[in-house]
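These are the residues of each chain, in order.
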Amino acid sequence: MAFDKDAIISQLKDASITDLNDLVKAIEDEFDVSAAAPVAAGGAAGGDGAAKSTFDVELTSGGAGKIKVIKEIKNITGLGLKESKAMVDEAPSIVKEGLSEDEANDIKEKLEAQGATVTLK
């Protein structure tokens, strides 16, 4: 069986976000890799070598579970529903600034559990 790159790309174009998310998880499990690792490594490598003491949590994308992400943003920030929705709709947007690494990672985990894409800056 020959590897048909064009057929795979064609199938990916027709796939839903949920299907693509499932595909990424299956590839991560099958090959014991993480799709998030290159992004995190690239962000850490861009520093000036000094350890960073404060972090900003940036919502990159609301993902497929947009309503759940809006609710989580509301819980994290204390904003109203309208403002939380606007933050998700206008992504990329900063959720919180000047946090410790533990706080920033905690918020990142909560949002990613709801399907969002988050980066720490």
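Please refer to the structure placed before this passage.
Residues numbered from 1 in each chain as written. Predicted model: local features only at pLDDT ≥ 70, side-chain atom pairs only at ≥ 80, totals over all residues. Heavy atoms only, no water.

K.L.:
What's the story with the pairing of strand 1 (residues 55-61) in this structure? I'm lost.
P.N.:
Strand residues, when the strand is regular, have side chains that alternate between the two faces of the sheet. Looking at chain direction, strand 1 and strand 2 (residues 93-99) are connected through 4 bridges and run antiparallel. Bridged to Leu59 within strand 2 is Ser93. In the sheet, strand 1 pairs with strand 3 (residues 117-120) via 4 bridges, with the strands oriented antiparallel. Within strand 3, the residue paired with Val57 across the bridge is Leu120. (Pairing = 2+ DSSP bridges. Helix = DSSP H or I, 4+ residues; strand = E, 2+ residues; numbered from the N terminus.)

K.L.:
Teacher, can you tell me more about the sheet that holds strand 1 here?
P.N.:
For sheets, the rule is that strands pair by backbone hydrogen bonds, running either parallel or antiparallel. Strands sit in the order 2-1-3 across an open sheet of 3 strands; the sheet is antiparallel. Unpaired on one side and paired on the other, strand 2 and strand 3 mark the two borders of the sheet. Averaged over neighbouring strand pairs, the angle between their axes works out to 20° when direction is ignored. (Axes fitted to C-alpha atoms, helices over the stretch in contact; angles between N-to-C directions.)

K.L.:
In this structure, what is going on with the environment of Glu58? I would like to understand it.
P.N.:
Locating Glu58 in the fold gives a position in strand 1. Excluding residues within four positions of it along the chain, Glu58 makes contact with Pro92, Ser93, Ile94, Thr117, Val118, Thr119 and Lys121. (Contact = heavy atoms within 4.5 Å.)

K.L.:
Is there a simple way to think about a nonpolar patch on the surface in this case?
P.N.:
Together, Phe3, Ile8, Leu12, Leu23, Ile27, Phe31 and Val33 make up a nonpolar patch on the protein surface, roughly 670 Å² of accessible area in all. Within the residue set of the nonpolar patch, elements represented by two or more residues are helix 1 (5-14) and helix 2 (17-31). The greatest single-element share of the nonpolar patch, amounting to 3 residues, is contributed by helix 2. For Phe3, the position within the fold is in the segment before helix 1. Given the relative accessible area of 69%, Phe3 is considered exposed. (Patch = residues over 30% accessible without salt bridge, like charges linked within 9 Å, V, L, I, M, F, W, Y side chains within 5 Å. Areas by Shrake-Rupley, 256 points an atom, 1.4 Å probe, with all protein chains shown as cover. Salt bridge = Lys/Arg side-chain N within 4 Å of Asp/Glu carboxyl O. Buried < 20%, exposed > 50% of the residue type's maximum accessible area, 1.4 Å probe, protein only.)

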